[in-house]
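Structural overview for review
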Amino acid sequence: MPHTATVPEAITDHALRAYLHGLPGVDEVGARARAQDLATRSIKTTAKAAAIDLAISMVDLTTLEGADTPGKVRSLCVKAALPDPADRTVPKVGAVCVYPDMVAVAVEALRGTGIGVASVATAFPAGRAPMEVKLADTRRAVADGAAEIDMVIDRGAFLAGRYLKVYEEIAAVKEACGDAHLKVILETGELVTYDNVRRASHLAMRAGADFIKTSTGKVSPAATLPVTLIMLEAVRDHHAATGRRIGVKPAGGIRTTKDAIRNLVLVNETAGPEWLTPDLFRIGASSLLNDLLMQRTRLSTGTYPGPDHYTQD
Amino acid sequence: MIFEYAPAPESRSVVHLRETYDLFIDGEFTPALSGEHLTSLNPADEETLARVSVAGEADVDRAVVAARRAQENVWGRMSGAERGKYLFRIARIIQERSRELAVLESMDNGKPIKETRDVDLPLVAAHFFYHAGWADKLAHAGFGPDPRPLGVAAQIIPWNFPLLMLAWKVAPALATGNTVVLKPAETTPLTALVFAEICQEADLPPGVVNILTGAGETGRALVDHPGTDKVAFTGSTEVGRGIARAVAGTDKRLTLELGGKGANIVYDDAALDQAVEGVVSGIFFNQGHVCCAGSRLLLQESIAEEFLPRLKERVAKLRLGDPLDKNTDIGAINSAAQLERIRELTDTADEEGVERWSPECALPESGYWFAPTVLTGVGQAHRVAREEIFGPVLSVLTFRTPEEAVTKANNTPYGLSAGVWTEKGSRMLWTAERLRAGVIWSNTFNKFDPTSPFGGYKESGYGREGGRHGLEAYLG
C-alpha cells in the first residue's frame with residue numbers, strides 16, 4: 001500500500017519527502033462533499049442523549065488567554081469535575097487545558113477528580129522559539145504535573161518542505177514528555193491544503209504523536225469538518241498499517257451541540273466506533289460545554305434553562 | 001462505544017393523499033373514459049398509496065386535442081416573457097411545497113428522503129428556474145433570430161426520478177412555447193399528479209400541461225397518436241427501440257434517453273478516499289436505479305488489492321432501511337418486477353463464476369429490498385458487465401494500461417456516462433477524449449445541473465436534455 005509504506009530506517013529529509021509525497025492525494029471538492037453529507041445525519045432522542053454525554057466526556061475544557069488568572073483556572077477545574085451542579089449524572093470532562101504557568105494551579109485544583117491536566121507547550125501558539133526553549137517549556141509543564149502536552153509543529157519548516165526538522169522536533173518533545181501523552185497541533189489553518197493536512201498527520205504519527213490535533217484556536221479557520229475527516233482517515237490508515245491507534249482532537253470553532261455531534265458522526269463513520277472514547281477523541285473547546293449542558297437539560301426536562309444557569313468559567 | 005442512530009423519520013403529515021386520482025386534462029382533473037384504475041404502492045412496505053386512473057385511447061385523444069388548442073390559441077402566441085413568469089411561479093411553488101413533494105416521492109418511489117430532499121427537489125426547482133430564464137431569450141440561443149416551438153410534445157418518463165424527469169421534460173418544452181401531454185411511470189405517478197395541482201395553483205392556462213397516468217398501453221397510445229409533433233422518452237432501451245419504430249416515417253421529432261452501463265475508471269494515482277466515495281455513490285445512489293450509474297468499476301490492477309477492501313469497508317457502512325428515515329442511504333427497490341430483474345441478472349453472475357459480496361445487512365420483511373452488492377472477478381463477457389442491471393450491483397473489472405481502460409469502457413452497446421479518477425490532468429483529458437459517452441465526470445460522479453446538457457451515444461439514445469443544447473429538441 002503506497003500510503004502506509006514503512007518509513008525507511010534512515011530518517012532523512014529525502015526519505016520523508018518520498019514517503020509523504022507518495023501518499024494518495026486528497027480531492028478537496030470530494031472531501032468537502034463527504035463531510036457535508038455526513039453533517040446531514042439526524043441524531044435524535046436516545047442517540048442524541050448518548051452523544052451529548054460522550055461529547056462532554058471528550059471535552060478538553062480550555063482556557064488559553066493572556067488574561068488567565070489562578071482564580072479562573074481553579075473555577076474551571078471545579079466545573080470540569082462537576083459540569084452541572086444541579087445534575088450529578090453529568091459525566092466529567094476529558095481534561096483541563098491551560099498554559100504551562102497554570103499547570104501547577106490546575107493540578108492542585110483537580111487532585112482526586114481523576115481529570116488530567118493538559119498543557120500547551122513549545123512556545124504555543126506560534127512555535128517560534130529556539131528548540132531548547134521549547135523543550136524546557138515541555139519539561140517544566142510535565143514536572144508540574146501535566147499529563148498531556150499539546151505541542152505545535154513548526155509550520156514554517158513544514159511548508160518549506162523541511163520535514164526532517166518537523167519530525168525531529170516532534171520526536172524530541174515526545175522524549176521530553178516522558179510518560180505524558182503528546183498531542184501534536186498541526187495548525188491546519190496555516191497548512192491550507194488538505195494534501196498538507198494528510199501529510200502532516202502522517203508525519204506527526206510517525207514521529208511519535210499520541211494524538212493529532214487540528215488547531216491552536218488562535219488561527220482561523222480552525223477545526224473544520226473536512227479537516228477532521230482527513231485526519232480521521234489518516235489515523236484509520238495508520239492503524240491499518242501499524243496496528244497502533246492514534247487519537248484525534250479537533251479544537252477551535254466547535255461551539256454548539258450540533259457541531260459536536262457532527263464530529264462524533266464523522267468519527268463513527270470514518271475511523272470507526274473504536275475511536276468513540278476520550279482516549280482517542282477529544283474536542284478542544286471552552287464555550288461548547290455550556291451548550292452541551294443546556295441541550296442535555298432540554299432533552300431530559302423539555303425546557304431550555306437560561307444561559308445564566310451555567311457558569312461562564 | 002457503539003453509536004446507534006435512533007430512528008429519525010421524516011413526518012408523513014405534510015402529504016395529503018387522495019384515495020383516487022383522476023387524469024389531468026385541459027386544466028381539470030377528470031375521470032378516465034376507460035374507467036380503469038391502477039394502484040400505486042409504497043415499495044418499502046407494499047401498502048397501497050392511492051388508486052390512479054388509466055388513460056385509454058379516447059383519453060389520450062382528449063388530452064392531445066386540449067394541448068393543441070392551448071398551444072395554438074394561448075401558449076404558442078404568448079410572449080416569452082409572459083411564459084417565463086408562469087415558469088418562475090411554478091418553480092417557486094415547487095420550492096414552497098418541496099417538503100411535501102420530497103416525502104411523497106420517497107413514499108411512492110422507495111428512495112431515501114435524504115436524496116429526494118437534497119437532490120431531486122432542489123434540481124426540480126432549478127430546472128424550472130433555469131428554463132424560465134430562457135423563455136424570453138430564445139432569439140439569443142443560437143437557433144436563429146426567431147426559433148419556433150414544435151407544437152404538442154408527447155412525453156413519457158421513468159420511475160427512477162419521477163418528478164425530476166418530469167421537470168427535465170416539461171420545463172424546456174414550456175419555455176420554448178410547446179404544450180405537453182406527459183405520462184408518468186405506472187409505479188410512480190403521484191408526484192406528477194401533485195405537479196398538476198401546482199399548475200392549477202400557478203394559474204397555468206388550461207391544456208398547456210396534461211398528465212395522463214397509466215402503463216405501457218397508455219404510453220403506446222400516446223406515442224401513436226397522430227396529433228403530436230414531438231415524442232420525448234426516457235426509459236429502457238427496449239421500449240425506446242419500439243418508440244423509434246413507431247415514430248419512424250412520421251413528421252414527429254424524437255429524443256430518447258435510454259439505458260447505460262457506465263464505467264468508472266480509477267487510475268492508480270487517484271485520490272483514493274474520494275474515489276471510493278465516488279464509486280460508492282456512483283452505483284448505490286438511488287439504489288442504482290440510475291441510467292447513468294457507474295455500474296462498472298474499472299480499477300487499475302496495481303491498486304486493486306488496496307482499493308477493494310476500502311470499497312467494501314465503505315459499502316458496509318451504508319444504512320439500508322426506511323426511506324423516510326433521514327439517516328437512510330439505501331431505500332427500497334421500486335417494484336417487485338425490478339427486484340426480480342436484479343435477482344435474475346445477479347444470479348447469472350453466480351452461475352458464471354463471478355465472486356459476489358454483500359455486507360451483513362438485515363433486509364426489512366415487507367417491501368422490495370436488495371442488499372448492496374459488489375461483484376469481483378468480472379470479465380467483459382459476463383452478462384453483469386454487459387447488461388444494465390439498474391440496481392445496487394457493482395461489477396468490478398481491472399485494467400493495466402490507459403488504452404485497456406478506454407477499450408473496456410467503450411466496449412458496450414451503451415454510451416451514456418463515464419467517470420475518470422486521477423490526480424493527473426493530462427491523463428484525465430486523454431481518457432475523456434477517447435471515451436464514447438455523453439457525460440463524463442472527472443473526480444466526481446452523478447452531478448447534475450440544468451445548465452449542462454445530458455444524453456447518450458449509441459444505444460443510450462439521442463438528443464440532449466438541459467442547457468442550451470436541450471432547447472434545440474423543442475424548437476423548429
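Residues numbered from 1 in each chain as written. Chains lettered and ligands numbered in written order. Predicted model: local features only at pLDDT ≥ 70, side-chain atom pairs only at ≥ 80, totals over all residues.

Before going further, it helps to examine the overall build of chain B. What chain B contains, in helices and strands, is 15 helices and 18 strands. On C-alpha atoms alone, chain B measures out to a radius of gyration of 22 Å, which is about the 23 Å that the 2.2 N^0.38 rule sets for 476 residues. In terms of overall dimensions, chain B has C-alpha extents of about 65 × 50 × 40 Å along its principal axes. In chain B, which comprises 476 residues, the share counted as buried stands at 57%. Of the contacts formed within chain B by residues at least 6 apart in sequence, a portion of 72% connects residues at least 24 apart. (Helix = DSSP H or I, 4+ residues; strand = E, 2+ residues; numbered from the N terminus. Rg over C-alpha atoms; globule rule 2.2 N^0.38 Å. Buried ≥ 20, exposed ≤ 12 C-beta atoms within 10 Å, placed from the backbone. Contact = placed C-beta atoms within 7 Å.)

Another aspect to go through is the overall build of chain A. Each helix and strand in chain A was counted, giving 13 helices and eight strands. Scaling as 2.2 N^0.38, a compact globule of 313 residues should have a C-alpha radius of gyration of about 20 Å, and chain A matches this with 19 Å. When the backbone C-alpha atoms are referred to their principal axes, chain A occupies close to 60 × 45 × 30 Å. By residue count, 53% of the 313 residues in chain A fall in the buried class. The contacts of chain A with a sequence gap of at least 6 include a subset with a gap of at least 24, amounting to 73%.

Turning next to the domain arrangement of chain B. Think of interface size as the accessible area that goes away when the parts come together; that is how it is often given. Residues and elements named next belong to chain B. Per the domain assignment, the segments of chain B are domain 1 (20–258 + 458–472) and domain 2 (263–442). For domain 1 and domain 2, the distance between their C-alpha centres works out to 30 Å. Of the residues lining the interface, 20 residues belong to domain 1; the matching set on domain 2 comes to 25 residues. Contributing elements (two or more residues each) for the side of domain 1 that touches domain 2: α3 (98–109) and α4 (113–134). Within the side of domain 1 that touches domain 2, the residues separate by chemical class into six nonpolar, six polar and eight charged. (Domains from an automatic or database assignment. Nonpolar A, V, L, I, M, F, W, Y, C, P; charged D, E, K, R; others polar.)

So, on to the interface of chain B and chain A. Listed by partner, the interface residues are 22 residues for chain B and 26 residues for chain A. For the side of chain B that touches chain A, the secondary-structure elements that each account for two or more residues are α4 and α9 (272–284) of chain B. Sorting elements by how many residues they give to the side of chain B that touches chain A places α9(B) first, with five residues. For the side of chain B that touches chain A, a count of residues per class yields eight nonpolar, five polar and nine charged.

Further remarks concern the sheet that holds strand β16 (residues 417–421) of chain B. All names here are of chain B. With respect to topology, seven strands assemble into an open sheet ordered β13-β14-β15-β12-β11-β16-β17, the strand pairing being mixed. Every interior strand has two partners, whereas the edge strands, β13 (355–357) and β17 (439–442), have only one. For this sheet, the mean angle separating the axes of adjacent strands, direction not counted, is 20°. The sheet strands contacting helix α10 (residues 301–316) are β11 (263–266), β12 (296–300), β13, β14 (373–376) and β15 (393–399), and the helix crosses β12 at an angle near 135°. (Pairing = 2+ DSSP bridges. Axes fitted to C-alpha atoms, helices over the stretch in contact; angles between N-to-C directions.)

This brings us to the nonpolar core. A55(A), V96(A), A106(A), V184(A), A204(A) and V266(B) are the most contacted members of the largest nonpolar core, which totals 164 residues. Ranked by residues supplied to this core, first place goes to helix α11 (residues 225–242) of chain A with eight residues. Discounting residues that sit within four places of it in the chain, V266(B) has contacts with A275(B), V279(B), L297(B), L298(B), L299(B), Q300(B), F307(B) and W421(B). The next biggest cluster of nonpolar side chains, apart from the first, holds 88 residues, and it includes F24(B), I90(B), Y130(B) and W168(B). (Core = buried A, V, L, I, M, F, W, Y, C linked by C-beta atoms within 7 Å.)

A word on the packing of α11(A) against helix α12 (residues 257–270) of chain A. All names here are of chain A. Their axes nearest at 10 Å, the elements α11 and α12 cross at an angle of 30°. It follows from the interaxial angle that α11 and α12 lie roughly parallel. As for how α11 packs across α12, the hand of that crossing is right-handed. Every residue of α12 that contacts α11 at L225, T228, L229, L232, E233 and R236 is listed here: R262, N263, L266, V267 and T270. Residues belonging to the contact of α11 with α12 are distributed by class as follows: five nonpolar, three polar and three charged. (Parallel < 35°, antiparallel > 145°, perpendicular 65-115°, else oblique. Left-handed = near helix turned anticlockwise from the far one by under 90°.)

What follows deals with the environment of A176(A). All names here are of chain A. Following the sequence through the fold, A176 ends up in helix α8 (residues 163–177). We classify A176 as buried; it has 22 C-beta atoms within 10 Å. The spatial distance from the C-alpha of A176 to the C-alpha of I254 is 30 Å, given a sequence separation of 78 residues. Ignoring any residue separated from it by four or fewer positions in sequence, one finds A176 in contact with L135, T138 and R139.

All right, on to helix α3 (residues 45–58) of chain A then. Given a rise of 1.5 Å per residue, 14 residues ought to cover 20 Å, and the 20 Å separating the end C-alpha atoms of α3(A) matches this to within 8%. Those residues of α3(A) hidden inside the fold are in contact with β1 (59–62), α12, β8 (283–285) and α13 (288–301) of chain A. (Expected span 1.5 Å × (residues − 1).)

Now for the sheet that holds strand β5 (residues 47–54) of chain B. Residues and elements named next belong to chain B. Read across the sheet, three strands follow the order β1-β5-β4 without closing on themselves; strand pairing throughout is mixed. Where the open sheet ends on each side, the last strands, each with one partner, are β1 (20–21) and β4 (36–42). Inspection of the sheet shows β4 paired to β5 by seven bridges, in the antiparallel sense. The partner of L41 across the bridge, within β5, is T48.

Another aspect to go through is the pairing of strand β5 (residues 181–185) of chain A. Working note: regular strand, side chains alternate between the two faces of the sheet. Residues and elements named next belong to chain A. With respect to burial, β5 is a largely interior element, four of its five residues being buried. Sheet analysis places strand β4 (residues 148–152) next to β5, joined by five bridges and oriented parallel. Bridge pairing in β5 links D150 to K183. Bridge count between β5 and strand β6 (residues 211–213): three bridges; the pairing is parallel. Bridging from a neighbouring strand, K183 pairs with F211 of β6.

Turning to the packing of α3(B) against α4(B), a few remarks are in order. All names here are of chain B. At a minimum axis distance of 9 Å, the contact between α3 and α4 shows a crossing angle of 125°. In terms of orientation, α3 and α4 fall into the oblique class. Every pair of crossing elements has a handedness; the one defined by α3 and α4 is right-handed. On α4, the residues that touch S98, L101, A102, V103, E105 and S106 of α3 are I113, T116, R117, D120, L121 and A125. Its residues assigned to classes, the contact of α3 with α4 shows six nonpolar, three polar and three charged.

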